[in-house]
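# An overview of the molecular structure
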Amino acid sequence: MKQIQYFSYGGPETMKLGDFELKAPGLGEVAVKVKFAAINPIDWKVRNGDLKMMTGKKFPRVMGSDFSGIVTAIGTGVTRFKVGDSVFGMARIKDGGALGEAVIAPQNFVARKPDSVSFEDAACLATPGVTAWNGLVDKAGLKSGKHVFVNGCTGAVGEATVQLAKMIGATVAGTCSAQAIQRARDLGVQPLFDYRTTDLSKIHERFDVVYDTAGTMTVAVGLGLLRQGGVYLDINPTPIKFIRAIFNRQLKPIVCTARADILDDLASAAGAGKLRLPVAETVLLNDAIPLITALESGRKLAGKALVAM
């Protein structure tokens, strides 16, 4: 089988399409024949070595986190799935592997795909949906009637955050590009601000939750937009921010952390038609490296990029 591998940390030039043999799933793991994989910024951040303290020095490594497909084998202790189940989910960050024809993942990082959701749409859900949930539910404890501000509300995590906040019963304001204004309105975001022309520090309204899903706000601006007792969710955590968060309980750095209950709830929401991320472009595995390189270099898409196996 084929997968996108790299043999050292570094830029796009380190990626190669290589052969591999899938190992047997271990304790609590499932093997999945991948139908589609979604490309996420975390994929190249891991490859660049930004998270090497978590991912270690073992090579070759494999690109890719989010996938959909069919369970082909289960390891000892697996109770959530059986062979033949249609699923979606994410690989461990230290392992990767979604950008290949098959992947091994922990059962708690995987959920059953609803029949009403396509494999393409399911592949988009895991990282954006889990990241949105980690912030709004786990860290902010968002309740109905609260006011949320989403910086980057038409990015993948931003759209997932908007939809989750609306499901909970919150009202949502946010930023996006001028070209994405109508898309944001269709999601129910109001008021809207063009991030290119708006000085966020001059916005007068205050919010219960501010979620910087674009990773472009300063902590000072994010905290300044909060009501008393509000929470600022920062998608771009650093060691300094974690230290600062110890002394300022309003600052919550977010690290995407999957759990079975989150993925099951995302599956239910998608199956009910309440959570969907648009697909902008799909390529075959043989053409994936140029697309990853272009996205890493700043190419913008109005939705997710998928790789079909």
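To be clear, the structure that these remarks concern was listed above.
All of the points below concern the structure found in this document. Because the structure is predicted, anything quoted here is derived from the model rather than measured. (Residues numbered from 1 in each chain as written. Predicted model: local features only at pLDDT ≥ 70, side-chain atom pairs only at ≥ 80, totals over all residues. Heavy atoms only, no water.)

## Digging into unusual backbone geometry
The step from Phe59 to Pro60 runs through a cis peptide bond, and the omega angle for that step is 0 degrees. Within the fold, Pro60 resides in the loop between α2 (52–55) and β4 (61–62). (Helix = DSSP H or I, 4+ residues; strand = E, 2+ residues; numbered from the N terminus.)

## Considering the sheet that holds strand β2 (residues 15–19)
In space, the 3 strands of this open sheet follow the order β2-β1-β4, with antiparallel pairing throughout. Two strands in the sheet have a free side with no partner beyond their single neighbour: β2 and β4. Pairing of strand β1 (residues 2–6) with β4, which is carried by 2 bridges, proceeds in the antiparallel orientation. Opposite Tyr6, over in β4, you have Arg61 as the bridge partner. Contacting β1 and β2, helix α10 (residues 288–296) runs over the sheet at an angle of about 155 degrees to β2. (Pairing = 2+ DSSP bridges. Contact = heavy atoms within 4.5 Å. Axes fitted to C-alpha atoms, helices over the stretch in contact; angles between N-to-C directions.)

## Concerning the pairing of strand β5 (residues 66–74)
Consecutive side chains along a regular strand alternate between the two faces of the sheet. Examined bridge by bridge, strand β3 (residues 29–38) and β5 share 8 bridges and lie antiparallel to one another. Following the sheet pairing, Val32 is matched in β5 by Val71.

## Description of the sheet that holds strand β14 (residues 251–253)
Here we have 6 strands laid out as an open sheet, ordered β11-β10-β9-β12-β13-β14, and parallel in their pairing. Looking at the sheet topology across the chains shown, the edges are occupied by β11 (192–194) and β14. Pairwise comparison of adjacent strand axes, ignoring direction, gives a mean angle of 15 degrees for this sheet. Where strand β10 (residues 171–176) and β11 come together, 3 bridges link them in parallel fashion. Across the sheet, Thr175 pairs through a bridge with Phe193, a residue of β11. Sheet strands in contact with helix α5 (residues 156–168) are β9 (147–151), β10 and β12 (207–212), and its direction is about 170 degrees off that of β9.

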